[in-house]
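A closer look at the structure
For reference, the chains in residue letters:
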Amino acid sequence: MRVTDMTTEYTTADGRRIGGTVMEMKNITLRFGGVEAIKNISFDIREGEIRAIIGPNGAGKSSMLNVISGFYVPQDGEVWYKGAPRPPMKPFEVAQQGIARTFQNIALFEGMSVLDNVMTGRLTHMKTGLFAQSIWKGKAEQEETENREVAERIIDFLEIQAIRKTPVARLPYGLKKRVELARALAAEPTILLLDEPMAGMNVEEKEDMSRFILDVNDEFGTTIALIEHDMGVVMDLSDRVVVMDYGKKIGDGTPDEVRNNQDVIDAYLGVSHD
Amino acid sequence: MFYREAGDFNTSYPEDSQTFPIKFDRWRYYAVLFVAIFVIPFLINDYWVNSIFLPFLIYSIAAIGLNILVGYCGQVSLGTGGFMAVGAYACYKLMTSFPDLSMVVHVLLAGGITAGVGVLFGLPSLRIKGFYLAVATLAAQFFLVWLFNRVPWFYNYSASGQISAPERTFLGVNITGSNTDAWATYLFCLFFVILSAYIARNLTRGSVGRKWMAIRDMDIAAEIIGVNPLRAKLTAFAVSSFFVGISGALFFSVYLGAVEVGEAFGITKSFLVLFMIIIGGLGSIFGSFAGAAFLVLLPVALKIIGVDWLGWPTDIVAHLQLVVVGALIIIFLIAEPHGLAQLWRVAKEKLRLWPFPH
Ligand SMILES: Nc1ncnc2c1ncn2[C@@H]1O[C@H](COP(=O)(O)OP(=O)(O)O)[C@@H](O)[C@H]1O
Ligand SMILES: [Mg+2]
């Protein structure tokens, strides 16, 4: 039975509720000069699911995430969010709408501690004005404490308590990736976008990261769209997969459907040749 | 020295994020405040106030202001002198136009006006960064000095082209003009220093401070967590200029009394304050004080040692001062970008663990 044909809410085999469409990409085309990085691609993301975008290097996966988060403006097509077409937006406006992300190359604030980095994830929730902050006592302090509690919960959840006060610049690569996830999670996003969260990690770190991604989705019900290079990891992790190759969508469905898709097999075999 | 945090537990988040989480630090801070308010005013005379205390206090405010922009938000500015001039001329115009208003109001309003001008000159920062922004602020510096020289309205059409502070009192005590007492001008400036440090500390530990630091560390990542870059930069320009404006107002009205703009607020002033925060420590309120103290005391110390003790000619000592400052800037930029403040932190860290370093 094809799960993806279901248009109503359903419950997965492991008991998570998947809701209706929360984001939809409609006929997105993105060009850089003569290069067509994304060619007329459409797909949807449903509430509560883990949606993967896979494909060989240069397929246009990161570009797609950059379209969603407002860094790139597509020449054609629309991004629908919560049932309405989204007007062109700056990245910070996208973030304020509840879309958080991590980068393929870590983008942390190196001059700050882990705790401060995670606290920056709370900024969209902190509204106290300049004047109240100057006085601090009262509103600003209370807001700081409330948001600190959320940040500390995320820190506990991702098991990085021990490095809370460490400057980020001193951390090894794997931990930095985890701190970046913590910062994105601290925003309590509606959709979490992860660009190759496991790139450059050893097997053990990959297993940890996979577990965290599943836990985040399970515990907070966060919708996750993630890019992964590695087919194997994706198959275990995701509910549905979009496969891209040379800017085109060549497959979309459950991991099993995608695995048996001839175009996908060809694309991956093609890559392993060169 | 007994510097300990043992038995000193912070059991709530507000306690953990306070300015001085270690009790010993807190007490030392209260002690400094007590001495500054209740002891120093009784001991100082005109010489001490004019050669050390007033410049130290006033430059500290300017350094705090510049540090917010450069150290916290990462936007380099060479326009500090020009913005101090805005504060000074705003204060002058306010003092002469509204003679009945309190001096405290004048100085605060001068800060507010400078904040507005700062925002105006901060607008290009959305598009230009680093070196190019520095050049743009340099242009602002020259433009502002030129403006105050050329438009007679700013100096009330005085024949000399200078501005001079009329006599004003606060709580019945003279604080500007020629008949002031050392303790009164000192306390007046101290009030603004405490106010500035308090506000700056609160802003830098909360959400707006994190926005500034996010922009400083990586502007793309700052955007992705929802920071509006233009808003964040412009608030940094506004807050920074507010403090710089206050310091300019005090520098003119309380310290110098009369000002020729090119001389008092020229490009050398911009560099002096920039050097203060580099030597003191970028991104540190304490560093702003340390840097101001250092560069105010250095010429005094060199003069005492060089001229008074060793009998060297004055001009040699003046040159020596330039060499020392230049060398220190290079050393700090290369070896310790976080300045004296970081050296102090490292020393405290060692003391905290002493005598068992592991
Ligand atoms: N900013 C850009 N300017 C020009 N070309 C780009 C830019 N970003 C991506 N591309 C091109 O778009 C294509 C897809 O890149 P990318 O989305 O990074 O692929 P992936 O993440 O799947 O490896 C590549 O050919 C890449 O060179
Ligand atoms: Mg990529």
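What comes next concerns the included structure.

Considering the overall build of chain A
For chain A, the helix and strand inventory stands at 10 helices and 12 strands. For chain A, the C-alpha atoms occupy an extent of roughly 65 × 40 × 40 Å along the three principal directions. Relative to its full complement of 274 residues, chain A shows a buried share of 55%. Considering only contacts in chain A between residues 6 or more positions apart, those separated by 24 or more positions represent 67%. Counting only carbon and sulfur atoms, one obtains 49% of the accessible surface of chain A, whose full area is about 12100 Å². Treating the 32 positive side-chain charges of chain A as one cloud and the 43 negative ones as another, the clouds have centres 5 Å apart.

What about the side chain of Ser-241 of chain B?
Residue and element names in this part refer to chain B. Along the chain, the position of Ser-241 falls in helix H10 (residues 229-256). Take Ser-241: its relative accessible area is 3%, and that puts it in the buried class. Look past the residues within four positions of Ser-241 in its chain and what remains in contact with it is Gly-111, Thr-114, Ala-115 and Gly-118.

Considerations on the site of ligand 1
Residue and element names in this part refer to chain A. Looking at ligand 1, the residues that line it are Phe-32, Ala-37, Pro-56, Asn-57, Gly-58, Ala-59, Gly-60, Lys-61, Ser-62, Ser-63 and Tyr-72. Ser-62 is positioned such that a nitrogen or oxygen atom in its side chain is 2.8 Å from an oxygen atom of ligand 1. At 3.1 Å, a side-chain N or O of Tyr-72 approaches a nitrogen atom of ligand 1. Its free accessible area being 550 Å², ligand 1 has 62% of it covered by the protein chains. At three residues, helix H1 (residues 61-68) tops the list of elements feeding residues into the shell around ligand 1. When grouped by side-chain class, the residues that make up the shell around ligand 1 number five nonpolar, five polar and one charged.

Quick notes on the packing of aromatic side chains
Enumeration over the complete set of coordinates arrives at 27 aromatic pairs over all chains. A centroid spacing of 4.9 Å and a plane angle of 85° characterise the contact between Phe-148 of chain B and Phe-154 of chain B, whose relative ring orientation is edge-to-face. Each member of the pair Phe-148 of chain B and Phe-154 of chain B is classed as buried. Feature note: the residues Tyr-47, Trp-48, Phe-53 and Tyr-186 of chain B constitute an aromatic cluster, connected by ring pairs. Over the face of the ring belonging to Trp-80 of chain A we find Lys-26 of chain A, whose NZ or CZ atom lies 3.6 Å from the ring centre. In this structure, Arg-183 of chain A is placed above the aromatic ring of Phe-109 of chain A, and the distance from its NZ or CZ to the ring centre is 4.9 Å.

Thoughts on the side chain of Ser-288 of chain B
Residues and elements named next belong to chain B. Along the polypeptide, Ser-288 turns up in helix H13 (residues 285-309). For Ser-288, a relative accessible area of 0% puts it in the buried group. Among the polar contacts listed, one links the side chain of Ser-288 to the backbone oxygen of Ser-284, at a separation of 3.0 Å. Once you skip the residues sitting within four places of it in the chain, Ser-288 turns out to touch Ser-60, Ala-63, Ile-64 and Asn-67.

Overview of the pattern of salt bridges
Residue and element names in this part refer to chain A. Summed over the entire model, instances satisfying the criterion amount to 26 salt bridges over all chains. Its salt-bridge partner being Arg-51, residue Glu-49 comes within 3.8 Å of it at the nearest N-O pair. No difference in accessibility class separates Glu-49 from Arg-51, as the two residues are buried. With its nearest N and O atoms 2.8 Å apart, the salt bridge here joins Glu-49 to Arg-240. Note that Glu-49 is positioned in the loop between strand E4 (35-46) and strand E5 (50-54) and Arg-240 in strand E11 (residues 240-245), a separation of 191 residues in sequence. Here the salt bridges do not stand alone but share partners, grouping Asp-44, Glu-49, Arg-51, Arg-240, Lys-249 and Asp-252 into one network.

Section: the interface of chain A and chain B
With 36 residues of chain A at the contact, the number on the chain B side is 31 residues. In this assembly, chain A packs against chain B so that about 2900 Å² is buried in total across both faces, 64% of it on carbon and sulfur atoms. Of all residues in chain A, the largest losses of buried area upon contact with chain B belong to Phe-92, Leu-123 and Trp-136 of chain A, amounting jointly to 20% of the total for that side. Note that Asp-116 of chain A and Arg-210 of chain B form a salt bridge whose closest N and O atoms lie 3.1 Å from each other. Where chain A touches chain B, the interface holds eight residue pairs in polar contact (both at pLDDT 80 or more). Elements with a contribution of two residues or more to the side of chain A that touches chain B: helix H2 (91-96), helix H3 (114-120), helix H4 (130-135) and helix H5 (139-157) of chain A.

Some remarks on unusual backbone geometry
Residues and elements named next belong to chain A. The backbone of Asn-27 shows a phi angle near 50°, a positive value even though the residue is not glycine. Examined against the element boundaries, Asn-27 turns out to sit in strand E3 (residues 21-32). Relative accessible area serves as the criterion here: at 41%, Asn-27 is assigned to the partly exposed category.

Observations regarding the packing of helix H12 (residues 267-280) of chain B against helix H14 (residues 314-335) of chain B
Residues and elements named next belong to chain B. Where H12 meets H14, the axes come as close as 9 Å, and the angle between the chain directions of the two elements is 50°. It follows that H12 is oblique to H14 by the angle criterion. Judged by the twist between their axes, the crossing of H12 over H14 is left-handed. Between H12, through Phe-275, Ile-278 and Ile-279, and H14, the contact on the second element is made entirely by Val-325, Leu-328, Ile-329, Phe-332 and Leu-333. Classifying every residue of the contact of H12 with H14 gives eight nonpolar, no polar and no charged.

Calculation rules
Residues numbered from 1 in each chain as written. Chains lettered and ligands numbered in written order. Predicted model: local features only at pLDDT ≥ 70, side-chain atom pairs only at ≥ 80, totals over all residues. Heavy atoms only, no water. Helix = DSSP H or I, 4+ residues; strand = E, 2+ residues; numbered from the N terminus. Buried < 20%, exposed > 50% of the residue type's maximum accessible area, 1.4 Å probe, protein only. Contact = heavy atoms within 4.5 Å. Areas by Shrake-Rupley, 256 points an atom, 1.4 Å probe, with all protein chains shown as cover. Lys, Arg positive; Asp, Glu negative; His and termini not counted. Charge placed at Lys NZ, Arg CZ, Asp CG, Glu CD. Near = heavy atom within 4 Å. Polar contact = N/O pair within 3.5 Å; in protein donor to acceptor, adjacent residues only side chain to side chain. Nonpolar A, V, L, I, M, F, W, Y, C, P; charged D, E, K, R; others polar. Phe/Tyr/Trp six-rings, centres within 6.5 Å; stacked < 30°, edge-to-face > 60°. Lys NZ or Arg CZ within 6 Å of the ring centre and 35° of its normal. Salt bridge = Lys/Arg side-chain N within 4 Å of Asp/Glu carboxyl O. Buried area = accessible area lost by both parts, 1.4 Å probe. Axes fitted to C-alpha atoms, helices over the stretch in contact; angles between N-to-C directions. Parallel < 35°, antiparallel > 145°, perpendicular 65-115°, else oblique. Left-handed = near helix turned anticlockwise from the far one by under 90°.

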